[in-house]
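Letter by letter, the chains look like this.
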Amino acid sequence: HAVSVSCGGNHFAAILEDGSLWLWGSNGFGQIGNNGQGDGIDEFDNLVQNKPVKVMDHVASVSCGIYATAALQTDGSLWTWGSNEWGQLGNGHQGNASYEYEGLAETDATIYQTVPVKIMDDVVCVSMNSECSPTSWGGGHGAAVNTGIREAKGLYFKVVDSDDWVKEEAYQ
């Protein structure tokens, strides 16, 4: 039995009673987390996973974005995967795959992560709600990231938006 579900743009996640995390749906940017695998192709020639696949164990919560997924394990570690075009995975705009759109230079390719990557430890929650403090990163088109933080209740911190300029020394 599922104890928690999350819906993304075109993909879905469910946590079962045993803490296992299962995903299915569109996998064009690795948002399923199964190393870019799929069992079908949709009408737009995008890779899909029609049958749920187990991605990881010991999951406390999950949140699906448009083309990305974040999971909080029971040990407090936060894992993300999927599209990282705007740095939304929180790992320094890195990934294990890329997709070049026709006419774009290689440096403009979309970066994505097809398997979960550990982002941080000691996380309390993944999604933003009245019960825990939000942490946000990524593109924030139309000020979406800052609007969410402004409306949130409780303590929070802003990591960095992908369009912020930060000197390299600040990371040391």
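Above: the structure in question.
This is a predicted model, so every value here is computed, not measured.

**Q** How would you sum up the nonpolar core? Please name residues and give values.
**A** In terms of nonpolar packing, the biggest core is built from 13 residues, with Leu21, Leu23, Ala71 and Trp81 touching the most fellow members. Every element with two or more residues in this core is listed here: β2 (11–16), β3 (21–26), β5 (47–56) and β6 (59–64). Excluding residues that lie within four positions of it along the chain, Leu23 makes contacts with His11, Phe12, Ala13, Gln31, Ile32, Gln49, Lys51, Pro52, Val53, Val55, Thr69 and Trp81. Among the nonpolar cores identified, the runner-up in size contains five residues, and Ala70, Leu78, Ile119 and Val123 belong to it.

**Q** Quick rundown of the sheet that holds β3? Include the residues and the values.
**A** On the basis of which strands lie adjacent, the open sheet formed by five strands has the order β1-β2-β3-β5-β4 and antiparallel pairing. In the strand order of this sheet, the two ends are held by β1 (2–7) and β4 (40–41), each with one partner. Note that β1 and β2 share five bridges and pair antiparallel. Among the inter-strand pairings, Ser4 is bridged to a residue of β2, identified as Ile15.

**Q** Describe the side chain of Ser20, with residues and values.
**A** Topologically, Ser20 is positioned in the loop between β2 and β3. Overall, the relative accessible area of 1% leaves Ser20 in the buried class. A distance of 2.9 Å separates the side chain of Ser20 from the side chain of Trp22, its partner in a polar contact. Residues within four places of Ser20 in sequence aside, it is in contact with Ala14, Ile15, Lys54, Met56 and Asp57.

**Q** Describe the sheet that holds strand β9 (residues 97–99), listing the residues and the values that go with them.
**A** Read from one edge to the other, the open sheet built from five strands follows the order β6-β7-β8-β10-β9, with strand pairing classed as antiparallel. Two strands bound the open sheet, and with one partner strand each, they are β6 and β9. Between one strand axis and the next, the sheet turns by 15° as a mean value, whatever way the strands run. Here β9 runs beside strand β10 (residues 110–120); their pairing, made up of three bridges, is antiparallel. Each residue of the ladder has a partner; that of Tyr99, found in β10, is Thr110.

Parameters at a glance
- Each chain carries its own residue numbering, running from 1 in the direction its sequence is written.
- Restriction of local features to residues with pLDDT of at least 70 applies here, the model being predicted, together with a cutoff of 80 or more for giving and counting side-chain atom pairs; totals for whole chains, interfaces and linings are based on all residues.
- Each side-chain value is worked out from all heavy atoms of the structure, with water and hydrogens disregarded.
- Nonpolar cores were defined as sets of buried Ala, Val, Leu, Ile, Met, Phe, Trp, Tyr and Cys residues, with membership established by side-chain atoms within 4.5 Å.
- Residue burial is assigned from relative accessible area. The probe radius is 1.4 Å, only protein chains are included, and a residue is buried under 20% of its type maximum, exposed over 50%, and partly exposed in between.
- Strands are runs of DSSP state E lasting at least two residues, helices are runs of H or I lasting at least four, and both sets are numbered from the N terminus onward.
- Contacts are assigned to residue pairs with any non-hydrogen atoms lying within 4.5 Å of each other.
- For two strands to be treated as a pair, DSSP must find no fewer than two bridges joining them.
- In protein, a polar contact means a hydrogen-donor-capable atom and an acceptor-capable atom, both N or O and within 3.5 Å, with residues adjacent in sequence counting only if both atoms are side-chain atoms; elsewhere, any N or O pair within 3.5 Å suffices.
- Axis geometry follows a simple rule: fit a line to the C-alpha atoms, using only the stretch in contact for helices, then measure angles between N-to-C directions, giving values from 0 to 180 degrees.

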